[in-house]
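Breakdown of the fold
Chain residues, written in single-letter form:
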Amino acid sequence: MDVFFVLTNAITVACIYGLIAIAVSITWSSLGLINLAYGFVFTFAGYGAWLFAEHISEMPVLLAGAGIAMGALAGIIVCLVVFIPLHDKPNFTTRGMIATLAISLIGSQSFLMFFGPRPKSLPDLFGFWTVDMFGVTLTSDKIGIVLCSTLMLFVVVRWMRGSRRGLEIRAMMMNPHAASIVGIGVRSTGIYVMAVTGAMGGLASVLLSQTYYIAPFNGLTPLIKGVSIALCGGLGSVQGAVIAAILLGLVEALTNEFLGGQYVLMTQFLVIIAVLVVRPRGISGLLDKAREQ
Amino acid sequence: MTEILKVEGLSAGYGPLRVLHDLDLVINAGERVGIVGLNGHGKTTLFYAIAGLTGWQRGSILLAGNQIGRTRSQGAGRYTHQIVRQGLAIMPQGDEIFNGLTVEEHLDSGAFTPEAWRTRKARKERVLDVFEPLRKLMKTPVGRLSGGERRMVSIGRGLMTDARLYLADEPSLGLAPKIGRAVMEALLKIDLQGSAMFIAEQNVALLEGRVDRVIGMHAGKLKGEASSASRLIGGH
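Residues numbered from 1 in each chain as written. Chains lettered and ligands numbered in written order. Predicted model: local features only at pLDDT ≥ 70, side-chain atom pairs only at ≥ 80, totals over all residues.

A separate point is the overall build of chain A. Counting its regular elements, chain A contains 12 helices and 2 strands. Expected size for 293 residues packed as a compact globule is a radius of gyration near 19 Å; at 19 Å, chain A falls within 12% of this value. Dimensions of chain A along its principal axes, counting C-alpha atoms only, are 55 × 45 × 35 Å. Here chain A holds 293 residues, and 49% of them are scored as buried. Restricting the contact set of chain A to residue pairs at least 6 apart, pairs at least 24 apart contribute 77%. (Helix = DSSP H or I, 4+ residues; strand = E, 2+ residues; numbered from the N terminus. Rg over C-alpha atoms; globule rule 2.2 N^0.38 Å. Buried ≥ 20, exposed ≤ 12 C-beta atoms within 10 Å, placed from the backbone. Contact = placed C-beta atoms within 7 Å.)

And the structure:
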């Protein structure tokens, strides 16, 4: 067994699920919505990118862009259907969760209806080449996945830190009531949040389709993993989600190596349970507290 | 004289509770009006009703001629951002602030109009001239500040746009007397230029003789309108 091989696999997986986890985390902390519609966003972006590749162009950059754009569009759809009508009604958290889960399920069935059960595959984004580093062979898609998702995360974090919209979103994360007092509209900010997090989901979808096929029900596993990583990292914290994604990526890679792929979900959830027993607020509970004091 | 705020027949409350009972009130441009009353008699609710933050409300509220009040039974805060964008600056009671943001980001968050956002450097400078102690703290998270500094941030945030009406809710609440006085002093120094300021306060001594009018509030009704400026200083 090769430590570096396991490590590179872990980081690749962590990148993809981390994107979704951060999206879940941002949506929860700014809008108070546990968005279970990322399954829908994920497959929507996947099929969108596939249609784009079939009919328009197979250029990798455009293809990734199409995936991101379709993800953002799906995010806006979810926002218009769920968040805007429900956000100021009583019991929004539960209702929102059920409504977004429903969207995920309806989405899967509709994709099955329109595209049929046969999986689709996207053309390769990163070509076929390898790099030898520290005696490990890194394939092109691993490097590409890590670079693309890090870039996306970097851009999103920069945008959240630097722009007026980002400031509004962060303000809403910390104190929604005070946010409305300073003139931040919950609904318009909601659309921005959902578009950006949807774009992250879209990119994750395109990246994952380098390894797997696009199929109607393929959004479910990334959704479950994304949500559980977000929970494990502490909902609402980007650092926490990154740490949890790396931890769970490592668990996944190690399980694949030693026990076999069928045990991955089991070991992952055992680790999540262990983390939540020790730290009920998730990994980053400590970081958050230190920042406030 | 232009009317900045005109309230007619305003009632508001939360659920079955009715806090405000048919209020009528006019505030003119350039005026600084104080409202005094005990805890729980509706001062904050009046401010919240103007901002559309109460549970329900009815009655007419005109902000610089635009109707911002409406009869509604739910949706607290749904229209607040639109009302705020029409020229309302709220300096809320207590610490309605964003703990993780730095003082600078916090002031930026107050500049919500595109015009204010572009000129936010000059505007921050203006706020810092009023609240000198904040200058050294620009990069500090607001959560680490003292009570007085937080209040300065919260008031400074309200000063970042060109509001028509400033609502200052108990600016001296919970502060040491000396600091409370300093904060009030700063509020009274601000150049209104055709806008108006409405200050809620329990400590009448802080307002007496330094604002144009003082209105009393008791059990959700406005009581008497002592024009303290004309009474104590002999008008102006």
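Let's pick the thread back up.
Here the focus is the overall build of chain B. Along chain B, the regular secondary structure elements total 9 helices and 10 strands. For a compact globule of 236 residues, the expected C-alpha radius of gyration is about 18 Å, and chain B comes in at 17 Å, within 12% of that figure. A total of 236 residues make up chain B; the buried ones form 44% of that total. Put simply, 67% of the contacts in chain B that link residues at least 6 apart link residues at least 24 apart.

This paragraph deals with the confidence of the model for chain A. Chain-level statistics for chain A give a pLDDT mean of 85 and a share of 96% at 70 or above. Predicted confidence for residues 289-293 of chain A stays below pLDDT 50, and this span has 4 contacts to residues more than four positions away or in other chains. (pLDDT = per-residue confidence, 0-100.)

What follows is about the nonpolar core. General note: in soluble globular proteins, nonpolar side chains tend to be found buried as a group. Counting 155 residues, the largest nonpolar core has Leu203 of chain A together with Leu167 of chain B as its most contacted members. It is helix α1 (residues 3-31) of chain A that provides the largest number of residues to this core, a total of 15 residues. For Leu203 of chain A, the residues in contact, after removing those within four places along its chain, are Leu19, Ala64, Gly67, Ile68, Gly71, Cys148, Ser149 and Met152 of chain A. (Core = buried A, V, L, I, M, F, W, Y, C linked by C-beta atoms within 7 Å.)

For the rest of this paragraph, the subject is the confidence of the model for chain B. For any part of a model where pLDDT is low, the fine detail of the predicted coordinates should not be relied upon. The pLDDT averaged across chain B works out to 83; a share of 94% of its residues lies at or above 70. Confidence estimates for the predicted assembly give a pTM of 0.81 and an ipTM of 0.77.

Residues and elements named next belong to chain A. Position of Phe44 among the secondary structure elements: in helix α2 (residues 38-55). A residue is classified by how many C-beta atoms lie within 10 Å of it, and Phe44, with 28 of them, is buried. Sequence spacing of Phe44 and Pro216 is 172 residues, and the spatial spacing of their C-alpha atoms is 9.1 Å. Look past the residues within four positions of Phe44 in its chain and what remains in contact with it is Met70, Ala74 and Gly107.

All names here are of chain A. Along its 21 residues, helix α10 (residues 238-258) runs 30 Å from first to last C-alpha, staying within 8% of the 30 Å computed at 1.5 Å per residue. Three or more residues of α10 are buried, namely Val238, Gly240, Ala241, Val242, Ile243, Ala244, Ala245, Leu247, Leu248, Gly249, Glu252 and Ala253. Just downstream of α10, Gly260 is the residue with a positive phi angle, here 115°. (Expected span 1.5 Å × (residues − 1).)

Turning to the sheet that holds strand β2 (residues 17-28) of chain B, a few remarks are in order. Strands in a sheet are paired, the pairing made by backbone hydrogen bonds, and the direction either parallel or antiparallel. Residues and elements named next belong to chain B. One open sheet accounts for 4 strands, arranged β2-β1-β4-β5; its pairing is antiparallel. Every interior strand has two partners, whereas the edge strands, β2 and β5 (66-67), have only one. Pairing geometry for strand β1 (residues 3-14) and strand β4 (residues 56-63), over 7 bridges, is antiparallel. In the sheet register, Val7 faces β4, and the bridge partner there is Ile61. Sitting on the sheet, helix α1 (residues 43-50) touches β1, β2 and β4, and the angle it makes with β2 is about 70°. (Pairing = 2+ DSSP bridges. Axes fitted to C-alpha atoms, helices over the stretch in contact; angles between N-to-C directions.)

Residue and element names in this part refer to chain A. Taken N-terminus to C-terminus, the directions of helix α3 (residues 60-86) and helix α4 (residues 92-115) make an angle of 160°; their axes are 10 Å apart at the nearest point. One way to sum up the angle between α3 and α4 is to call them roughly antiparallel. Of the two possible hands of crossing, α3 and α4 adopt the one that is right-handed. Mapping the contact onto sequence places Val78, Val81, Val82 and Leu86 in α3 and Phe92, Arg95, Gly96, Ala99, Thr100 and Ile103 in α4. (Parallel < 35°, antiparallel > 145°, perpendicular 65-115°, else oblique. Left-handed = near helix turned anticlockwise from the far one by under 90°.)

Our next topic: unusual backbone geometry. All names here are of chain B. The phi torsion at Asp22 lies on the positive side, around 45°, for a residue other than glycine. Along the polypeptide, Asp22 turns up in strand β2. Here Ala219, not a glycine, exhibits a phi torsion of approximately 50°, which is positive. Residue position: Ala219 is located in the loop between β9 (213-218) and β10 (221-226). Overall, the presence of 13 C-beta atoms within 10 Å leaves Ala219 in the partly exposed class.

On to the pairing of strand β7 (residues 165-169) of chain B, then. Two faces, one strand: in a regular strand the side chains alternate between the faces of the sheet. Residue and element names in this part refer to chain B. Most of β7 is tucked away, with 5 of its 5 residues classed as buried. Going residue by residue along β7, you find Leu165, Leu167 and Asp169 tucked away on one face and Tyr166 and Ala168 tucked away on the opposite face as well. As judged from the 5 bridges shared by β7 and strand β8 (residues 196-201), these two strands associate in the parallel manner. Considered in β8, the bridge of Leu167 is made with Phe198. You can see the chain leave β7, run along helix α7 (residues 177-189) and come back into β8, and the turn it takes is right-handed. (Right-handed = clockwise from strand over helix to strand, strands pointing away.)

Moving on to the interface of chain A and chain B. Across the contact, 17 residues belong to chain A and 25 residues belong to chain B. Elements supplying a minimum of two residues to the side of chain A that touches chain B: α6 (164-174), α7 (176-181) and α12 (285-292) of chain A. Looking at which element gives the most residues to the side of chain A that touches chain B, the answer is α6 of chain A, with 5 residues. Among the residues making up the side of chain A that touches chain B, the classes are represented as 7 nonpolar, 5 polar and 5 charged. (Nonpolar A, V, L, I, M, F, W, Y, C, P; charged D, E, K, R; others polar.)

With that out of the way, let us pick up the packing of helix α9 (residues 220-233) of chain A against α10 of chain A. Residue and element names in this part refer to chain A. Two elements in contact, α9 and α10, have axes whose closest approach is 8 Å; the angle formed by their N-to-C orientations is 120°. In terms of axis orientation, α9 runs oblique to α10. As for how α9 packs across α10, the hand of that crossing is right-handed. Contacts between α9 and α10 involve Ile229, Ala230, Cys232 and Gly233 from the first element and Gly240, Ala241, Ile243, Ala244, Ala245 and Leu248 from the second. Considered class by class, the residues forming the contact of α9 with α10 number 8 nonpolar, 2 polar and no charged.

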